[in-house]
Every structure is written in C-alpha cells, then in structure tokens.
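Geometric and topological summary
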Amino acid sequence: MEDHRQVTVRIDGMSCASCVGRVEKALAKVPGVEETAVNLVTGSARLRLADGSLPEVISTLEQTGYPARTV
C-alpha cells in the first residue's frame with residue numbers, strides 16, 4: 001500500500017486563469033498526483049501525492065514554465 005501526503009507548492013509566474021489551467025493539466029499527468037487544488041491568488045497548489053513523487057512534480061512545473069518550490 002502506498003503512503004500519501006499533503007504538500008503545498010509555491011508556483012511562480014501564474015498570472016491568469018489560463019495559467020492555472022496549464023498547471024492543473026500538467027499536474028494531472030504526473031504519476032502519483034492524487035489530487036490538486038491550484039490557487040491563482042496565493043500562487044500555490046495543494047497536492048495529495050504518493051510518497052516520492054514530489055521531485056517529478058517540481059520538475060514538471062518547471063518544464064511547463066512555472067518555477068516551483070515546496071512551502
């Protein structure tokens with residue numbers, strides 16, 4: 001059985017609803033991402049992840065054009 005955890009990620013560069021959509025779409029493709037809640041106002045996303053998937057989340061966001069880091 002996999003362990004899951006809640007993580008908040010700060011995402012730089014989001015400026016509109018289209019940005020949020022791109023981030024959500026990119027995160028949906030990352031294995032291990034169970035749930036996402038992206039917030040434009042705070043520039044962050046709350047994620048429910050399988051353990052070990054956080055590095056891939058950060059990498060995917062950066063490749064999509066949105067620098068990210070954990071909070």
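Going through the model one piece at a time under the given rule, you end up with 4 salt bridges. In this structure, the salt-bridge partner of Asp 12 is Arg 10, at a minimum N-O distance of 3.7 Å. Between Glu 35 and Arg 48 there is a salt bridge, with its nearest N and O atoms 3.6 Å apart. In this pair, Glu 35 sits in strand β2 (residues 33-39) while Arg 48 sits in strand β3 (residues 44-50), placing the two residues 13 residues apart along the sequence. The network of salt bridges with common partners includes Arg 10, Asp 12 and Arg 69.

To continue, consider the pairing of β3. Consecutive residues of a regular strand have side chains that alternate between opposite faces of the sheet. The buried count for β3 comes to 5 of 7 residues, which makes it a mostly enclosed element. With 7 bridges connecting them, strand β1 (residues 4-11) and β3 associate as antiparallel partners. The residue bridging His 4 from the neighbouring strand is Ala 50, located in β3. Pairing analysis gives 6 bridges linking β2 to β3, with the strands arranged antiparallel. Considered in β3, the bridge of Thr 36 is made with Leu 47.

Another aspect to go through is the side chain of Thr 60. Residue position: Thr 60 is located in helix α2 (residues 54-64). Excluding anything up to four places from it in sequence, Thr 60 contacts Ala 26 and Val 30.

Before going further, it helps to spend a moment on helix α1 (residues 17-28). With 12 residues, α1 extends 16 Å between its outermost C-alpha atoms, agreeing within 8% with the 16 Å of an ideal straight helix rising 1.5 Å per residue. As for α1, its buried residues are in contact with β1, β2, β3 and α2.

The rules behind each value
Once a new chain begins, its residue numbering starts again from 1 and follows that chain's sequence as written. Totals for whole chains, interfaces and linings use all residues, but because this is a predicted model, local features are given only for residues with pLDDT of at least 70 and pairs of side-chain atoms are given and counted only at 80 or more. Computation of side-chain values covers all heavy atoms of the structure but excludes hydrogens and water. By definition here, a salt bridge exists when the distance from a side-chain nitrogen of Lys or Arg to a carboxyl oxygen of Asp or Glu is within 4 Å. Helix and strand assignments come from DSSP, with helices taken as H or I runs of at least 4 residues and strands as E runs of at least 2, each series counted from the N terminus. Here the term buried applies to any residue with accessible area under 20% of the maximum for its type, exposed to any over 50%, and partly exposed to those in between, with areas from a 1.4 Å probe on protein chains only. The pairing criterion is simple: DSSP has to find at least two bridges between the two strands. In this analysis, two residues are considered to be in contact whenever any of their non-hydrogen atoms come within 4.5 Å of each other. Here, expected helix span is obtained from the residue count minus one, scaled by 1.5 Å.

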